[in-house]
Amino acid sequence: MNKQIKLITLAVLFCGITTITTATFANVQSSEKNEKHVEEKDDGHGHEAKNEEEEGAGVKLSKGQLTLAEINITVLEPQTMAYSIYAQGEIKANDYTSYLVSPRVDSVILKRHVALGDHVEINQPLVTLFSASMAEAQASYRLADSEWKRVQKLGRKAVGEKRFIEAQTDFEADLGRLYAFGLSTDAIISLTTNTKKLGQYTLNAETSGAVLSDNFRQGQRIESGGTLFELADEDTLWVEARLAPSMELDLPENSKAQVNVGNNTYIATITQKAHTIDPVTRTRIIRLQVQNVGHKLHQGLFADVYFAFETDKKVLTVPEEALMRGSDGDWMVFVEENGEFKGVEVELGRQLGKSREIFGLPSGTKVVTTGAFYVAAEIAKGSFDAHNH
């Protein structure tokens, strides 16, 4: 009996172990099979992704597509690039040839002789004024002039040394005061030969040019130093170009720049570079001088200024339209090799006019310079088809 029980127990134990072992083995096989399936699936997906990447990395285009999309391919060759930098500018009066007409003593404006926009010549009458201080100076000069002439006629010995020197000194002092008040030599001479009212005087043009401003009225009182007219010789004008303060450009004096105003183009000469920043516009001013041929330029006109440069060494460049953004946001160009087009990332350098300096490609590379958008679309289309195949 005991022997039978032992046999039954061993049989049960054996069957249980067998069952567990079989189940465990089946589970292990199933797990390995699943892992293998997963690995195979991963491998297949990875391979598929690789194929997609290989298929999406490039595309071949027919001659018809190249013609239809107007795709141009250029071989990259290092070259010295001429380029220009743009700056907004404004036409200004040439302060070195301009002149502000102002009374040198408090006065009342009696009559104007020229108006805004008129062109005046040297010594042309501009405005007649009246001043009490001028009347006193003119009266004193008349007396001093009369005394000086009398003393000179009598002679130094007859009048004595002291009187002679006093008469000469008073005359010269009164004459100098009239010059300081702005009277011309002719106006001073006329004081002793006519009965013109004392206190009246006329300011004449010290330089030829156009009347740029005349902000006053007849009868108005104006203080010494107040501006009556602004005269400017418009044969030569200034152009003030404004650059960003961070822009460092090598602009030697006497170098040339192109200035466009409307449909007219002028060649200007760089004369001055500001070393400070304009506190209002936060820009740096470059001053140029331009010959006003035909007098078509006037103060206040806006201008487009182009500074010409040339790279100091040969560089690789592509047109701006050849550059595209990759999926990661980096810049790339499309390279053609054995009839296949694929995107290659590049680093950007300087802006050279309508072109851009690039790094990362060897000389001799064939690059799509026009039609890059079409190539990008075809590559994206091929990648999309591969994912949905």
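In this report, the structure presented in the accompanying data block is examined. Within each chain, residue numbers correspond to sequence positions counted from 1 in written order. This being a predicted model, a pLDDT of at least 70 is required before a residue's local features are given, and a value of 80 or more before pairs of side-chain atoms are given or counted; all residues contribute to the totals for chains, interfaces and linings. Side-chain metrics rest on all non-hydrogen atoms present in the structure, leaving aside hydrogens and water.

Section: the nonpolar core
The nonpolar core is taken to be a set of buried Ala, Val, Leu, Ile, Met, Phe, Trp, Tyr and Cys residues, with the residues joined through side-chain atoms within 4.5 Å. Buried, partly exposed and exposed residues are distinguished by accessible area as a fraction of the type maximum, computed with a 1.4 Å probe on protein chains only: under 20%, between the cut-offs, and over 50%, respectively. Ranked by size, the top nonpolar core spans 32 residues in total, and within it Leu126, Val127, Leu129, Leu178, Leu228, Phe229 and Leu231 carry the most contacts. Among the elements of the structure, strand 7 (125–130), helix 3 (132–154), helix 5 (161–180), strand 8 (200–204) and strand 11 (229–232) are those that each provide at least two residues to this core. Secondary structure elements follow DSSP: runs of H or I of four or more residues count as helices, runs of E of two or more count as strands, with numbering from the N terminus. Ranked by residues supplied to this core, first place goes to helix 3 with 6 residues. Note on contacts: a residue pair is in contact if any heavy atoms of the two residues lie within 4.5 Å. Beyond its immediate stretch of four places on either side in the chain, Leu231 contacts Ser98, Tyr99, Val101, Val120, Leu126, Ala205, Thr207, Ala210 and Val211. Ile85, Leu243, Tyr266 and Ala268 belong to the second-largest nonpolar core, a separate cluster that totals 27 residues.

A closer look at the side chain of Asn292
Along the chain, Asn292 falls in the loop between strand 15 (284–291) and strand 16 (302–310). Separated by 3.0 Å, the side chain of Asn292 and the backbone oxygen of Glu234 make a polar contact. Setting aside its immediate chain neighbours within four residues, Asn292 contacts Glu234, Asp235, Leu237 and Leu297. Think of a polar contact as two N or O atoms within 3.5 Å of one another; within protein, one of them needs to be a possible hydrogen donor and the other a possible acceptor, and neighboring residues in sequence only count if both atoms come from side chains.

Things to note about helix 3
The span one expects for a helix is its residue count, reduced by one, times 1.5 Å. Spanning 23 residues, helix 3 covers 34 Å between terminal C-alpha atoms, matching the ideal 33 Å at 1.5 Å per step. Here helix 3 has its buried residues at Met134, Ala135, Ala137, Gln138, Tyr141, Ala144, Asp145, Trp148 and Val151. Those residues of helix 3 that are buried are in contact with helix 4 (156–159), helix 5, helix 6 (185–190) and strand 8. Its side-chain oxygen at 3.3 Å from the backbone nitrogen of Ser133, Ser131 defines the N-terminal cap of helix 3. Count one or two residues on from helix 3 and you reach Gly155, which has phi positive near 100°.

Notes on the sheet that holds strand 8
The sheet built from 4 strands is open, its strands ordered 8-7-5-10 with antiparallel pairing. Two strands in the sheet have a free side with no partner beyond their single neighbour: strand 8 and strand 10 (221–222). For two strands to count as paired, DSSP must find a minimum of two bridges between them. Of the strand pairs in this sheet, strand 5 (residues 107–112) and strand 10 are connected by 2 bridges, and their pairing is antiparallel. What sits directly across from Ser107, in strand 10, is Ile222.

Remarks on the pattern of salt bridges
Salt bridge, as applied in this entry: a Lys or Arg side-chain nitrogen positioned within 4 Å of an Asp or Glu carboxyl oxygen. Here the structure, examined in full by the defined rule, presents 11 salt bridges. For Arg150, the salt bridge goes to Glu147, with nearest N and O atoms at 2.7 Å. In this pair, Arg150 and Glu147 are both assigned in helix 3, 3 residues apart and thus about one turn of the helix distant. In this structure Arg150 comes out as partly exposed when scored by relative accessible area, which is 40%. Note on Glu147: relative accessible area 23%, which makes it partly exposed. One salt bridge in this structure joins Arg356 and Glu320, with 3.8 Å as the shortest N-O distance. Of this pair, Arg356 sits in strand 22 (residues 355–359) while Glu320 sits in the loop between strand 17 (317–319) and strand 18 (324–325), and the two are 36 residues apart along the sequence. Taken together, the shared-partner salt bridges connect Glu147, Arg150 and Arg163 into one network.

Concerning the pairing of strand 23 (residues 366–370)
Counting buried positions along strand 23 gives 4 out of 5 residues, so the element sits mostly inside the fold. Here strand 2 (residues 72–75) pairs with strand 23 via 4 bridges, running antiparallel. By the bridge assignment for strand 23, Val75 is matched with Lys366.

Some points on the sheet that holds strand 21 (residues 347–352)
Taking strand neighbours across the sheet as the criterion, the 3 strands line up as 17-22-21 in an open arrangement whose pairing is antiparallel. Bordering the open sheet on either side are strand 17 and strand 21, each of which pairs with just one other strand. On average, each strand axis in the sheet is tilted by 35° relative to the strand beside it, whichever way the strands run. Pairing between strand 17 and strand 22: 3 bridges, direction antiparallel. Across the sheet, the residue bridging to Pro319 is Ser355, located in strand 22. Helix axes use the C-alpha atoms of the stretch in contact, all axes being lines fitted to C-alpha atoms, and the angles between their N-to-C directions lie in the range 0 to 180 degrees.

Structural notes on helix 5
Under the 1.5 Å per step criterion, the end-to-end length of helix 5 is 28 Å for 20 residues, consistent within 8% with the ideal 28 Å. Residues of helix 5 that are buried make contact with helix 3, helix 4 and helix 6. Positive phi shows up at Gly182, right after helix 5, with a value of about 105°.

Details of the environment of Val120
Looking at the element boundaries, Val120 is found in strand 6 (residues 119–120). A relative accessible area of 0% means that Val120 is categorised as buried. Taking the C-alpha atoms as reference points, Val120 and Ala232, separated by 112 residues in sequence, lie 9.7 Å from one another. The residues touching Val120, leaving out its near neighbours within four places in the chain, are Val114, Leu126, Ala205, Thr207, Ser208, Gly209, Val211 and Leu231.

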